[in-house]
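Results of the structural survey
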Amino acid sequence: MTLFAARPGRAECGGVSIREFVETTYYKQARLHAAKTPLGQEDFYALFSPGMRRLMQAPRQYPKNQMMGPLLNAFFGYGVLPGAEIKVGKVERDSGDEDLGPATIRVEIEHRGEPHRILVHVVGPGEDWRIANIIYDSGKSLIDHYRSITGG
């Protein structure tokens, strides 16, 4: 897995752009995932917006006859098992203002030799970037997943 040098962004303020935040996060998550060493709970939740954290930590309300579906990796999507190698490719702005936010960043990954595109919606304020939602190429999103299991 090759790490690309992050291009300068917001250098005048000493901060990073939203794209750089997402790029750094995804490369780190790919390394940790392959090594089966996930972030601790506090560090994991710190990457997400307050609203997303509340939803992620809300009590679960699984319907009684709901079948367990494929495993969801918050960053990479459904069916990504622990230890799987994820190759992170292009990380580019899809919409919004990557320096001031909010913005959506497109992340191209490869899992089991198949390409996938993930959209990461990031909000601020300022240099305190947080992930507000992740939309997988299946059309499902992280926020929809948590709403379905929390009733939120």
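Above this text you will find the structure in question.
I will try to describe carefully the structure that is included in this document.

What counts and what doesn't
- Residues numbered from 1 in each chain as written.
- Predicted model: local features only at pLDDT ≥ 70, side-chain atom pairs only at ≥ 80, totals over all residues.
- Heavy atoms only, no water.
- Salt bridge = Lys/Arg side-chain N within 4 Å of Asp/Glu carboxyl O.
- Pairing = 2+ DSSP bridges.
- Helix = DSSP H or I, 4+ residues; strand = E, 2+ residues; numbered from the N terminus.
- Phe/Tyr/Trp six-rings, centres within 6.5 Å; stacked < 30°, edge-to-face > 60°.
- Buried < 20%, exposed > 50% of the residue type's maximum accessible area, 1.4 Å probe, protein only.
- Axes fitted to C-alpha atoms, helices over the stretch in contact; angles between N-to-C directions.
- Core = buried A, V, L, I, M, F, W, Y, C linked by side-chain atoms within 4.5 Å.
- Contact = heavy atoms within 4.5 Å.
- Parallel < 35°, antiparallel > 145°, perpendicular 65-115°, else oblique.
- Left-handed = near helix turned anticlockwise from the far one by under 90°.
- Nonpolar A, V, L, I, M, F, W, Y, C, P; charged D, E, K, R; others polar.

Structural notes on the pattern of salt bridges
Under the defined criterion, the tally for this structure stands at five salt bridges. By sharing partners, the salt bridges in this structure join Arg-19, Glu-23 and Glu-98 into a single network.

Overview of the pairing of strand β3 (residues 86-96)
Direction of pairing for β3 relative to strand β4 (residues 103-111): antiparallel, over a ladder of eight bridges. If you follow Val-91 over to β4, its bridge partner there is Val-107. As consecutive antiparallel partners, β3 and β4 are separated by six residues, and within that stretch Gly-101 has a phi angle of approximately 75°, a positive value.

Details of the packing of aromatic side chains
One pass over the full model with this rule turns up seven aromatic pairs. With a centroid separation of 5.6 Å and an interplanar angle of 85°, the aromatic rings of Tyr-26 and Phe-76 are classed as edge-to-face. Highlighted residues: Tyr-26 in helix α1 (residues 18-34) and Phe-76 in the loop between β1 (72-73) and β2 (77-78), separated in sequence by 50 residues. The pair Tyr-26 / Phe-76 is uniform in exposure class, with both members buried. Between the aromatic rings of Tyr-78 and Tyr-136, the centroid separation amounts to 6.0 Å while the plane-to-plane angle is 80°, which identifies the pairing as edge-to-face.

A closer look at the sheet that holds strand β6 (residues 130-135)
One open sheet accounts for four strands, arranged β3-β4-β5-β6; its pairing is antiparallel. The sheet is open, and its two edges are formed by β3 and β6, each paired on a single side. Sheet twist, expressed as the average angle between the axes of neighbouring strands with direction ignored, equals 25°.

As for the nonpolar core
Counting 39 residues, the largest nonpolar core has Val-22, Tyr-26, Phe-48, Phe-75, Val-107, Ile-134 and Leu-142 as its most contacted members. When contributions to this core are tallied by element, the ones reaching two or more residues are α1, α2 (41-46), α3 (50-57), β3, β4, β5 (114-123), β6 and α4 (142-150). Per element, the largest residue contribution to this core is seven residues, and it comes from α1. Filtering out sequence-adjacent residues up to four positions away, Val-107 remains in contact with Val-22, Tyr-26, Val-88, Lys-90, Val-91, His-116, Arg-117, Ile-118 and Val-120.

Description of the packing of α3 against α4
It is the contact of α3 with α4, at a shortest axis distance of 9 Å, that shows an interaxial angle of 40°. Our classification of the angle between α3 and α4 gives oblique. For α3 against α4, the interelement crossing comes out left-handed. Seen from α3, the contacting residues are Met-52, Leu-55 and Met-56; seen from α4, they are Leu-142, Ile-143, Tyr-146, Arg-147 and Thr-150. Class assignment for the residues of the contact of α3 with α4 results in six nonpolar, one polar and one charged.

Digging into the environment of Pro-50
Mapping Pro-50 onto the fold places it in helix α3. In the structure, Pro-50 is positioned 82 residues away from Ala-132 in sequence and 8.3 Å away in space, judged by C-alpha atoms.

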